[in-house]
Amino acid sequence: MAENNLKIEGHILNLSTTGEGDIIDITSDVQSALVKFKMKTGVVTCFIPGSTAFLTTIEYESGLIHDLPQLLEKLIPKASNYAHNAAWGDGNGFSHLRASLIGPSLSVPFKAGKLCLGTWQQIVFVECDNRARNRSVELQFIGY
Amino acid sequence: MAENNLKIEGHILNLSTTGEGDIIDITSDVQSALVKFKMKTGVVTCFIPGSTAFLTTIEYESGLIHDLPQLLEKLIPKASNYAHNAAWGDGNGFSHLRASLIGPSLSVPFKAGKLCLGTWQQIVFVECDNRARNRSVELQFIGY
Amino acid sequence: MAENNLKIEGHILNLSTTGEGDIIDITSDVQSALVKFKMKTGVVTCFIPGSTAFLTTIEYESGLIHDLPQLLEKLIPKASNYAHNAAWGDGNGFSHLRASLIGPSLSVPFKAGKLCLGTWQQIVFVECDNRARNRSVELQFIGY
């Protein structure tokens, strides 16, 4: 098969979050950037340049939007004797730990100009910090 | 070093699972696709277009195949008052939450025509849904 | 926009760890490889060829370096009746499970010759095995 003429295009999403538990569906933003760059086939790497939020996919409906922060609170509670809090006094040790365990990066293939997502699957930014934040997400598209 | 003539090749794996706790080793399928495309160097992005299963790597032996679902049940139990279940009545809130926390994507480098895996490391599809499913996994190879 | 002349460059990091809970900041190693390859724009896929360690990002400060292993011990304790331990007698079932849940791969975009990390965000290798190990991390850079 002949080689493709691949290119790379970068795009930055800017978000405002309300703080811990805010879950923002960024699927249409990622898809719009793909359309803008007129790319058909490839992979987009989504990445948060920060250590108190994470990216994943979820069925974006109100039940799960409620359940996910509840589960995170059960597994990694806000109120615990974190050494981070003792050292820095900002009270967001839980935010860092949640973000590190789930992770800042997500790679999604696309074909025929569309992200290869399931029908009930959205790409979400999950704020873990204990205050409202202005956020950016780096999108790096590789393809043709 | 001179630029490479990179290309992208896509392949879809089709799987049938028996429901929650079914762990399928897809390593040889991914490696076979790599051979079919005659690619030597690059990265394959593996992605599940769905929100109730996840991808990871594991030493695929019967002990861990038993332990992983047990651990998931301890951390994210089937029986809990998930708002997702109350809203949709399908009882698979736990499936969504497990899938979102671990994640749908895995990126694996390859060199000299082989996936850069450890000797006792396999790529696995982990079904989290509460029923048997027909599944697909998107593989997007970038390289030469 | 014109197509880019993309290339792929691979690099292997070699590490020595002291065993479970050892967290090694590999950010400058990844950045140095990027500089060596004179690449400006793209994505680096970092991957552990092994099943008892994981990669993530974290604010690399002593508080969190203490908190993360504590949290892992709470969620996935060393002392539990893992079938892996019963079958193999090496006592590192917890290591495998921690590694599988967090994952062996991390994809990080770079622009203008720099990794797109936050100011207080480092790439870390987290040893989960119950003994000191010599480790390698595969870095695969795609870009120009």
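Residues numbered from 1 in each chain as written. Chains lettered and ligands numbered in written order. Predicted model: local features only at pLDDT ≥ 70, side-chain atom pairs only at ≥ 80, totals over all residues.

**Thoughts on the overall build of chain A**
Then step 1. Helix and strand content of chain A: 4 helices and 8 strands.
Then step 2. Helices (α) and strands (β) of chain A occur, in sequence order from the N terminus, as β-β-α-β-β-α-α-α-β-β-β-β.
Then step 3. The C-alpha extent of chain A, read off along each of the three principal axes, is 60 × 30 × 25 Å.
Then step 4. For chain A, the proportion of its 144 residues judged to be buried stands at 53%.
Then step 5. Long-range contacts, defined as pairs at least 24 residues apart, comprise 83% of the intrachain contacts of chain A with a sequence gap of at least 6. (Helix = DSSP H or I, 4+ residues; strand = E, 2+ residues; numbered from the N terminus. Buried ≥ 20, exposed ≤ 12 C-beta atoms within 10 Å, placed from the backbone. Contact = placed C-beta atoms within 7 Å.)

**Some words on the relation of the copies chain B and chain A**
Then step 1. Note on the identical chains: chain B maps onto chain A by a rotation of 120° and an axial translation of 0.0 Å, with an RMSD of 0.0 Å. Seen this way, the second copy is the image of the first under a three-fold rotation axis.
Then step 2. Comparing interface residues between copies, only 13% of those in chain B also lie at the interface in chain A; the contact surfaces differ. (Least-squares fit on C-alpha atoms with pLDDT ≥ 70 in both.)

**With respect to the relation of the copies chain C and chain B**
Then step 1. You can overlay chain C on chain B at an RMSD of 0.0 Å; the transform is a turn of 120° with a shift of 0.0 Å along its axis.
Then step 2. The two copies present different faces, since only 13% of the interface residues in chain C are matched by interface residues at the equivalent positions in chain B.

**Things to note about the sheet that holds strand E6 (residues 114-115) of chain B**
Residue and element names in this part refer to chain B.
Then step 1. Taken in spatial order, the 5 strands of this open sheet run E1-E8-E3-E5-E6, and their pairing is antiparallel. The open sheet has two edge strands with one neighbour each: strand E1 (7-17) and E6.
Then step 2. Here 11 bridges tie E1 to strand E8 (residues 133-143), and the two strands are oriented antiparallel to one another. Bridge pairing in E8 links Thr17 to Arg133. (Pairing = 2+ DSSP bridges.)

**Considerations on the interface of chain B and chain A**
Then step 1. If you look at the interface, chain B gives 30 residues, while chain A gives 34 residues.
Then step 2. Those elements that provide at least two residues to the side of chain B that touches chain A are E1, strand E3 (42-47), helix H3 (83-88), helix H4 (93-102), strand E5 (105-111) and E8 of chain B.
Then step 3. Across the side of chain B that touches chain A, the residue classes tally to 15 nonpolar, 13 polar and 2 charged. (Nonpolar A, V, L, I, M, F, W, Y, C, P; charged D, E, K, R; others polar.)

**Some words on the environment of Ala112 of chain A**
Residues and elements named next belong to chain A.
Then step 1. Take Ala112: it is sitting in the loop between strand E5 (105-111) and strand E6 (114-115).
Then step 2. Owing to 7 C-beta atoms within 10 Å, Ala112 belongs among the exposed residues under this scheme.
Then step 3. For the pair formed by Ala112 and Thr41, sequence separation is 71 residues and the distance between their alpha carbons is 6.2 Å.

**Considering the packing of helix H2 (residues 62-75) of chain A against H4 of chain B**
Then step 1. Axis separation between H2 of chain A and H4 of chain B bottoms out at 10 Å; the angle between their running directions is 60°. When the interaxial angle is binned, H2 of chain A and H4 of chain B end up oblique. In this structure, the crossing between H2 of chain A and H4 of chain B has a hand that is right-handed. Residue-level inspection shows Gly63, Leu64, Asp67, Leu68 and Leu71 of chain A of H2 of chain A in contact with H4 of chain B, the latter providing Gly93, His96, Leu97 and Ser100 of chain B.
Then step 2. Class assignment of the residues belonging to the contact of H2 of chain A with H4 of chain B gives a composition of 4 nonpolar, 4 polar and 1 charged. (Axes fitted to C-alpha atoms, helices over the stretch in contact; angles between N-to-C directions. Parallel < 35°, antiparallel > 145°, perpendicular 65-115°, else oblique. Left-handed = near helix turned anticlockwise from the far one by under 90°.)

**Overview of the nonpolar core**
Note on soluble globular proteins: their nonpolar side chains tend to be buried together.
Then step 1. Judged by nonpolar contacts, the single largest core of 123 residues is most densely connected at Cys46 of chain A, Cys46 of chain B together with Cys46 of chain C.
Then step 2. Setting aside residues up to four positions removed in sequence, Cys46 of chain A forms contacts with Val30, Leu55, Ser105, Leu106, Val108, Ile123, Val137 and Leu139 of chain A. (Core = buried A, V, L, I, M, F, W, Y, C linked by C-beta atoms within 7 Å.)

**Some details on the interface of chain C and chain B**
Then step 1. Opposite the 31 residues of chain C that make contact, chain B presents 34 residues.
Then step 2. Those elements that place two or more of their residues in the side of chain C that touches chain B are strand E1 (7-17), strand E3 (42-47), helix H3 (83-88), helix H4 (93-102), strand E5 (105-111) and strand E8 (133-143) of chain C.
Then step 3. Per-class residue counts for the side of chain C that touches chain B are 15 nonpolar, 13 polar and 3 charged.

**Section: unusual backbone geometry**
Then step 1. Not every positive phi belongs to a glycine, and Lys38 of chain B is a case in point at roughly 55°.
Then step 2. Assignment of secondary structure puts Lys38 of chain B in the loop between helix H1 (27-36) and E3.

**Here we look at the sheet that holds strand E2 (residues 23-25) of chain C**
All names here are of chain C.
Then step 1. The strand order across the open sheet built from 3 strands is E2-E7-E4, with neighbouring strands paired in antiparallel fashion. With partners counted over all chains shown, the strands left at the sheet margins are E2 and strand E4 (53-58), one partner each. Going across the sheet, the axis of each strand differs from the next one's by a mean of 30°, ignoring polarity.

**Observations concerning the pairing of E5 of chain A**
Residue and element names in this part refer to chain A.
Then step 1. Among the 7 residues of E5, 6 are classified as buried, and the element is accordingly described as predominantly covered.
Then step 2. Note: strand E3 (residues 42-47) against E5, 6 bridges, orientation antiparallel. Considered in E5, the bridge of Val43 is made with Pro109.
Then step 3. The pairing of E5 with E6 spans 2 bridges and is antiparallel. Pairing of Lys111 across the sheet is with Lys114, part of E6.
Then step 4. If you look at the hairpin formed by E5 and E6, you'll find 2 residues sitting between the two strands, and Ala112 has a positive phi there, around 50°.

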